[in-house]
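# Observations on the three-dimensional arrangement
Below, each chain spelled out in residue letters.
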Amino acid sequence: MGINMVKLGVNIDHVATLRQVRRAREPDPLWAAVEAQLGGADLITVHLREDRRHIQDRDVQLLAQSVRVPLNLEMAAVQEMLAIALRLRPAMATLVPEKRTEVTTEGGLDVAGRFQAVRRVVHRLRDAGILVSAFIDAQPRQVAAAKKADLEICEVHTGPYANAADPVARRVQLEKVRAAGEYILNSGMQFNAGHGLDERNVGAIAALPHVGELHIGHAIVSQAVFIGLREAVARMKQAILRAREG
């Protein structure tokens, strides 16, 4: 068809959030991954946080053994998480910032400010055959630092775009994402994007030239409460496809 297809990475963290409210067995993130794959997910994403607020070590181990699509492990660039990633060997690791007090990720990883530490983790992961991405703000200095740190992929933080107060502000933020994506591609890295995206706002991001993957979680899991996870994933895939055809 000649359309550059955008892959959908489905983040299933909040299935585990619901389970951890009761410290129960259900709902099971592994089953969520099955449903997401049946709905058309191209990747499964989970964030193993240092405080283990939702996804647990056992979840990551079972997912690494079971999923039929690539597993993307979001992780802080710290020794504990590096050891887990090296043991379980997910297809991809995405380095993200982490604060114990935040409700969700509040901004991109400061690759420029933590350059040496990030670069060491990147090299250890790459030496193990794991693709390495960083979740960064749409800032040229962060893209340049990511390239210098030998990252293969940059996932641009789309939260400021998704949360913009009005159409003018949203266009400004969209342009920042577009410009960062162009810089990433021109630097020889893969351009991914994610955070805060839903069916209403995903189209403009999905339509950006040569975006490789969109990583979406909360909106899909929220929809799944009413229509089921498989259908929620399928609808998001269709929204992305319409933007590419558009």
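Quick caveat, the model's predicted, so the values are computed rather than measured.

## So, the pairing of strand S2 (residues 43–47)
The buried fraction of S2 is high, at 5 of 5 residues. As judged from the 4 bridges shared by S2 and strand S3 (residues 71–75), these two strands associate in the parallel manner. Of the residues in S3, the one forming a bridge with Val46 is Leu73. With helix H3 (residues 57–66) bridging S2 and the parallel S3, this β-α-β connection has right-handed handedness.

## Remarks on helix H2 (residues 29–38)
Taken together, the buried positions of H2 are occupied by Pro29, Ala32, Ala33, Glu35 and Ala36. In an axial view of H2, the angular spread of the buried residues amounts to 165°, which keeps them on one side of the axis. Across H2 from its buried face, at more than 90 degrees, point the exposed residues Trp31 and Leu38. Where H2 is buried, its residues meet strand S1 (7–11), helix H1 (13–22), S2, H3 and helix H11 (229–245). Here H2 starts with a cap whose side-chain oxygen sits 2.9 Å from the backbone nitrogen of Leu30, and that cap is Asp28. Looking one or two residues beyond H2, the residue adopting positive phi is Gly40, at roughly 115°.

## Looking at the environment of Ile130
Topologically, Ile130 is positioned in the loop between helix H5 (115–127) and strand S5 (131–136). The sequence separation of Ile130 and Ile55 amounts to 75 residues, and the corresponding C-alpha distance is 20 Å. Setting aside chain neighbours within four positions, we find Ile130 in contact with Ala85, Arg89, Pro90, Ala91, Met92, Ala93, Leu125 and Glu152.

## Observations regarding the side chain of Asp198
As for its position among the elements, Asp198 is in the loop between strand S7 (190–194) and helix H9 (202–206). Asp198 has contacts with Ala219 and Met236, leaving out every residue within four places of it along the chain.

## Considerations on the packing of H2 against H3
Interhelical geometry of H2 versus H3 gives an angle of 35° and a closest axis separation of 9 Å. For the crossing formed where H2 meets H3, the hand is right-handed. For the pair H2 and H3, contact is made by Pro29, Leu30 and Ala33 and by Asp59, Leu62, Leu63 and Ser66, respectively. Taken together, the residues of the contact of H2 with H3 break down into 5 nonpolar, 1 polar and 1 charged.

## A short note on the layout of surface pockets
Taken as a whole, the second largest pocket holds about 310 Å³ of empty space. The wall of the second largest pocket is formed by 14 residues, among which Val15, Leu18, Pro27, Val221 and Ala224 lie closest to the centre. Secondary structure elements with two or more residues in the lining of the second largest pocket: H1, H2 and helix H10 (218–227). Of all the elements, H10 adds the most residues to the lining of the second largest pocket, at 5 residues.

Parameters at a glance
Residues numbered from 1 in each chain as written. Predicted model: local features only at pLDDT ≥ 70, side-chain atom pairs only at ≥ 80, totals over all residues. Heavy atoms only, no water. Buried < 20%, exposed > 50% of the residue type's maximum accessible area, 1.4 Å probe, protein only. Helix = DSSP H or I, 4+ residues; strand = E, 2+ residues; numbered from the N terminus. Pairing = 2+ DSSP bridges. Right-handed = clockwise from strand over helix to strand, strands pointing away. Arc of directions from axis to C-beta. Contact = heavy atoms within 4.5 Å. Polar contact = N/O pair within 3.5 Å; in protein donor to acceptor, adjacent residues only side chain to side chain. Axes fitted to C-alpha atoms, helices over the stretch in contact; angles between N-to-C directions. Left-handed = near helix turned anticlockwise from the far one by under 90°. Nonpolar A, V, L, I, M, F, W, Y, C, P; charged D, E, K, R; others polar. 1 Å grid on protein atoms, 1.4 Å probe; cavity = no way out; pocket = protein on both sides within 12 Å on 5 of 7 lines; lining within 4 Å. Points joined across faces, edges and corners; volume = space filled by probe spheres on them.

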